[in-house]
Amino acid sequence: MRKITAILLFIFLASCANYSVLQQKQSTVSVNVFCAKGGFSGSGVIISNKYVITAKHVLKCKDELRTIHVKTFDGEVFEAVFDKEVQDDVARLFVTSSDFRNSVFLTETVSVGDTVCAVFPRRGYKQFCGAVTKKFTDRIHAKISGEFGDSGSPLFDEDGRIVGILITRYGEFVTAVPVWVWKTLEVTSEPNVFGVWP
């Protein structure tokens, strides 16, 4: 009987872990910016049915911001506009024609040594995990190998809650702006539908 219970518990925990990874993938999007000359790409995270959080530097064109496309895990592509910014390289996009159904949870609870994970659209939505190595008032450092184009990816805890947004990489480490810095981006406020930079 104990053996059967242990097997059922293992299956349950495995299914919960798989659901958490799927939820992370469905929440993470690729962000592609098309400028008058060239463009940039990064990632972002859906925080409501119309809004995406990303790294602001992903959105900058040398000449003028042109078009932003958000692509979901399921392959759907939506046009977006720059909406609001917060300090420390975090910005919010308003996705004009979407109605995202998935929900995400934010947490300010993270400590050095905790395991955090990220999924990167540019790398086939593979999940990469590592430990938090440093925690500051406005930054989280984690041992996850980042690559060019990963900026804007959400950093998740083991329960699938968002703890930060990736903004830089250095070797085998990434830096994220924690939730407590950018949570003031109110998702219920009126969008800046013209996408004008402040």
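From a predicted model like this one, the values you see are computed outputs, not experimental measurements. (Residues numbered from 1 in each chain as written. Predicted model: local features only at pLDDT ≥ 70, side-chain atom pairs only at ≥ 80, totals over all residues. Heavy atoms only, no water.)

## Details of the overall build of the protein
Reasoning step 1: Along the backbone of the protein there are two helices and 12 strands.
Reasoning step 2: Secondary structure elements in the protein, listed N-terminal to C-terminal, are α-β-β-β-β-β-β-β-β-β-β-β-β-α.
Reasoning step 3: By the burial criterion, 45% of the 198 residues in the protein qualify as buried.
Reasoning step 4: Here the contacts in the protein between residues at least 6 apart in sequence split such that 60% fall between residues at least 24 apart.
Reasoning step 5: On the protein, roughly 10,400 Å² of surface is accessible, and the fraction owed to carbon and sulfur atoms is 56%. (Helix = DSSP H or I, 4+ residues; strand = E, 2+ residues; numbered from the N terminus. Buried < 20%, exposed > 50% of the residue type's maximum accessible area, 1.4 Å probe, protein only. Contact = heavy atoms within 4.5 Å. Areas by Shrake-Rupley, 256 points an atom, 1.4 Å probe, with all protein chains shown as cover.)

## Thoughts on the nonpolar core
Reasoning step 1: Core analysis: the biggest nonpolar cluster contains 35 residues, and Val31, Val33, Val52, Leu59, Leu93 and Trp182 have the highest contact counts within it.
Reasoning step 2: Looking at this core, the elements with two or more residues in it are strand S1 (28-34), strand S2 (39-46), strand S3 (51-55), strand S4 (67-71), strand S5 (77-86), strand S6 (90-95), strand S11 (162-170) and helix H2 (179-182).
Reasoning step 3: Considering every element that reaches this core, the biggest residue donor is S6, with five residues.
Reasoning step 4: With 13 residues, the next largest nonpolar core counts Phe120, Ile140, Ala142 and Val163 among its residues. (Core = buried A, V, L, I, M, F, W, Y, C linked by side-chain atoms within 4.5 Å.)

## With respect to the sheet that holds strand S8 (residues 126-135)
Reasoning step 1: If you trace the six strands once around the closed barrel, you get S7-S8-S9-S12-S11-S10, paired in antiparallel fashion. Each neighbouring strand pair of the sheet contributes to a mean axis angle of 45°, computed without reference to strand direction.
Reasoning step 2: Where strand S9 (residues 140-142) lies against strand S12 (residues 173-178), three bridges are found, and the strand directions are antiparallel. Across the sheet, His141 pairs through a bridge with Thr175, a residue of S12. (Pairing = 2+ DSSP bridges. Axes fitted to C-alpha atoms, helices over the stretch in contact; angles between N-to-C directions.)

## A look at the environment of Ser48
Reasoning step 1: Mapped onto the secondary structure, Ser48 falls in the loop between S2 and S3.
Reasoning step 2: The class of Ser48 is buried, set by a relative accessible area of 15%.
Reasoning step 3: Sequence separation between Ser48 and Ser27 is 21 residues, and the spatial gap between their C-alpha atoms is 9.7 Å.

## Concerning the confidence of the model for the protein
Close inspection of predicted coordinates is inappropriate in any region flagged by low pLDDT.
Reasoning step 1: Residue-level pLDDT values for the protein average 79, and 78% of them are 70 or greater.
Reasoning step 2: Mean pLDDT values for the elements of the protein range from 53 in helix H1 (residues 2-27) up to 95 in S9.
Reasoning step 3: This model gives residues 4-19 a pLDDT under 50, and the stretch forms zero contacts once residues within four places in sequence are excluded.
Reasoning step 4: Ignoring residues within four places in sequence, the model shows residues 187-198, a span with pLDDT below 50, making 27 contacts including any to other chains. (pLDDT = per-residue confidence, 0-100.)

## As for the pairing of S4
Reasoning step 1: Side chains of S4 alternate between two faces, with Ile68 and Val70 buried and Thr67, His69 and Lys71 left unburied.
Reasoning step 2: Sheet topology places S1 next to S4; five bridges connect them, and they run antiparallel. Following the sheet pairing, Val31 is matched in S4 by Val70.

## A closer look at the pattern of salt bridges
Reasoning step 1: The final tally for this structure, using the stated rule, is six salt bridges.
Reasoning step 2: Ionic pairing is found between Glu147 and Arg123, a salt bridge with its closest N-O pair at 3.6 Å. Highlighted residues: Glu147 in the loop between S9 and strand S10 (154-157) and Arg123 in the loop between strand S7 (115-120) and S8, separated in sequence by 24 residues.
Reasoning step 3: The class of Glu147 is partly exposed, set by a relative accessible area of 37%.
Reasoning step 4: In this structure, Arg161 and Asp157 form a salt bridge, with 2.7 Å as the shortest nitrogen-oxygen distance.
Reasoning step 5: Here Arg161 falls in the partly exposed class, since its relative accessible area comes to 30%.
Reasoning step 6: Within this structure, Arg123, Glu147 and Asp150 form a network of salt bridges that share partners. (Salt bridge = Lys/Arg side-chain N within 4 Å of Asp/Glu carboxyl O.)

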